Each structure stands twice: as structure tokens, then as C-alpha cells.
Amino acid sequence: MVSSVTEETKEFIIHSNDEAGFVEVTSTSTLSGVRKLIIEEFDTEQLPSQSAGFAFKVNGIRLSQKQEARKNAFELLELQARVEIFPRVNNDRKRKIDNEDLLGDNNSGGAND
């Protein structure tokens, strides 16, 4: 006998373009997974731009795409967090960090030189 275990799902509400939409998530879903579901399930007009280039805001705070993998969707539901998607700014320049920026300017005599 084959037994099927179904994992609990919940509707995860996403706000975009002054509307709300949803995708179904499980207890292991992260915002990275939610991103994939949004791209698969939302209509083009539900997306904040005509491409898949969007970012998340949780309670008004923008998340980087790297942080999405650490944000659990079920936990955000429990916290009753407001999740929005908005167009990602097209920024073609690469992020450049100098050692000076990381270590601080050791040649300066004070913070306000």
C-alpha cells in the first residue's frame, strides 16, 4: 500500500501594483522559492515591471536577493508581515569594494578630514 503524505500549504499574500495576489507555500518555502512561484503563477500585469526583475520588501524593508534564501515564508505569515514586490532598479555597474573601504582609511587623522 502506497501512502501519500501531503504537506500543509498556506496562501502567501504578495502586494504589487496596488493589488494583492497569492502563491501557496509550505513550511520549507523561502522567499527564493516564492520568487519562482510568482514568476510561474502571476500574470504579467501582476508583476511590478514587464520582466522578472523585482525585489521584495518585508514590512517596508527591502531585501537583497541573497537574503531571500534565508527568509522563511511560513514565519513571515506567522508574523503577519506585509510582503511587497517592486521593480528592481537596472543597475549595470558592478559593486566595487576597496580594501580601504573595508579596513577604514588608516591615513586619516579623524572622521571628518
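Residues numbered from 1 in each chain as written. Predicted model: local features only at pLDDT ≥ 70, side-chain atom pairs only at ≥ 80, totals over all residues. Heavy atoms only, no water.

Colleague: Looking at this structure, I do not really get unusual backbone geometry. What am I missing?
Modeller: Glycine aside, negative phi is the norm for most residues, and most peptide bonds take the trans geometry. Its identity as a non-glycine residue notwithstanding, Asn17 has a phi of 55°, on the positive side. Even without glycine at this site, Asp18 takes up a positive phi of about 60°.

Colleague: Explanation requested: the nonpolar core in the structure shown.
Modeller: Nonpolar side chains in soluble globular proteins tend to end up buried together. In terms of nonpolar packing, the biggest core is built from 20 residues, with Phe12, Ile14, Val23, Leu31, Val34, Ile38 and Phe56 touching the most fellow members. With sequence-adjacent residues up to four places away left out, Leu31 is seen in contact with Phe12, Phe56, Val58, Leu63, Glu68, Lys71 and Leu76. (Core = buried A, V, L, I, M, F, W, Y, C linked by side-chain atoms within 4.5 Å. Buried < 20%, exposed > 50% of the residue type's maximum accessible area, 1.4 Å probe, protein only. Contact = heavy atoms within 4.5 Å.)

Colleague: What should I look at first to understand the packing of aromatic side chains in this one?
Modeller: By convention here, two paired aromatic rings are described through the distance between centres and the angle between planes. Here the structure, examined in full by the defined rule, presents one aromatic pair. Between Phe54 and Phe56 the ring centres are 5.8 Å apart and the planes differ by 80°, which places this aromatic pair in the edge-to-face class. Take Phe54: its relative accessible area is 0%, and that puts it in the buried class. Using a relative accessible area of 0% as the deciding quantity, one classes Phe56 as buried. Here Lys10 stacks its cationic end above the ring of Phe74, 4.7 Å away from the centre of that ring. Above the plane of the ring of Phe54 lies Arg35, whose end atom (NZ or CZ) is 4.4 Å from the centre. (Phe/Tyr/Trp six-rings, centres within 6.5 Å; stacked < 30°, edge-to-face > 60°. Lys NZ or Arg CZ within 6 Å of the ring centre and 35° of its normal.)

Colleague: Help me understand the side chain of Thr26, please; the structure alone is not making it clear to me.
Modeller: Within the fold, Thr26 resides in the loop between strand 2 (19-25) and helix 1 (31-41). If we skip the residues at most four places from it in the chain, Thr26 touches Glu7, Glu8, Thr9 and Phe74. (Helix = DSSP H or I, 4+ residues; strand = E, 2+ residues; numbered from the N terminus.)

Colleague: Could you clarify how one ought to interpret the pattern of salt bridges in this entry?
Modeller: As a working rule, side chains carrying opposite charge can pair if their charged atoms are close by. Summed over the entire model, instances satisfying the criterion amount to two salt bridges. The residue Arg35 makes a salt bridge to Glu68 at a minimum N-O spacing of 2.7 Å. Taken together, the residues Arg35 in helix 1 and Glu68 in helix 2 (residues 65-68) connect sequence positions 33 residues apart. Classification of Glu68 by relative accessible area gives buried; the value is 1%. A salt bridge links Glu84 to Arg82; the shortest N-O distance between them is 3.7 Å. (Salt bridge = Lys/Arg side-chain N within 4 Å of Asp/Glu carboxyl O.)

Colleague: Which parts of the structure should I look at to understand the environment of Arg70?
Modeller: Inspection of the secondary structure puts Arg70 in the loop between helix 2 and helix 3 (73-78). Given the relative accessible area of 63%, Arg70 is considered exposed. Counting along the chain gives 38 residues from Arg70 to Ser32, while the straight-line C-alpha distance between them is 8.4 Å.

Colleague: Help me understand empty space enclosed by the protein, please; the structure alone is not making it clear to me.
Modeller: In this approach a probe as big as a water molecule rolls over the atoms, and the regions it shows empty are the leftover space. Summed over the entire model, instances satisfying the criterion amount to one cavity of 30 Å³ or more. Of the voids in this model, the largest cavity is the one considered here, and its volume is about 50 Å³. Every residue lining the largest cavity is listed: Ile14, Ser16, Glu19, Ala20, Gly21, Phe42 and Gln46. Considering every element that reaches the lining of the largest cavity, the biggest residue donor is strand 2, with three residues. Class assignment of the residues belonging to the lining of the largest cavity gives a composition of three nonpolar, three polar and one charged. (1 Å grid on protein atoms, 1.4 Å probe; cavity = no way out; pocket = protein on both sides within 12 Å on 5 of 7 lines; lining within 4 Å. Points joined across faces, edges and corners; volume = space filled by probe spheres on them. Nonpolar A, V, L, I, M, F, W, Y, C, P; charged D, E, K, R; others polar.)

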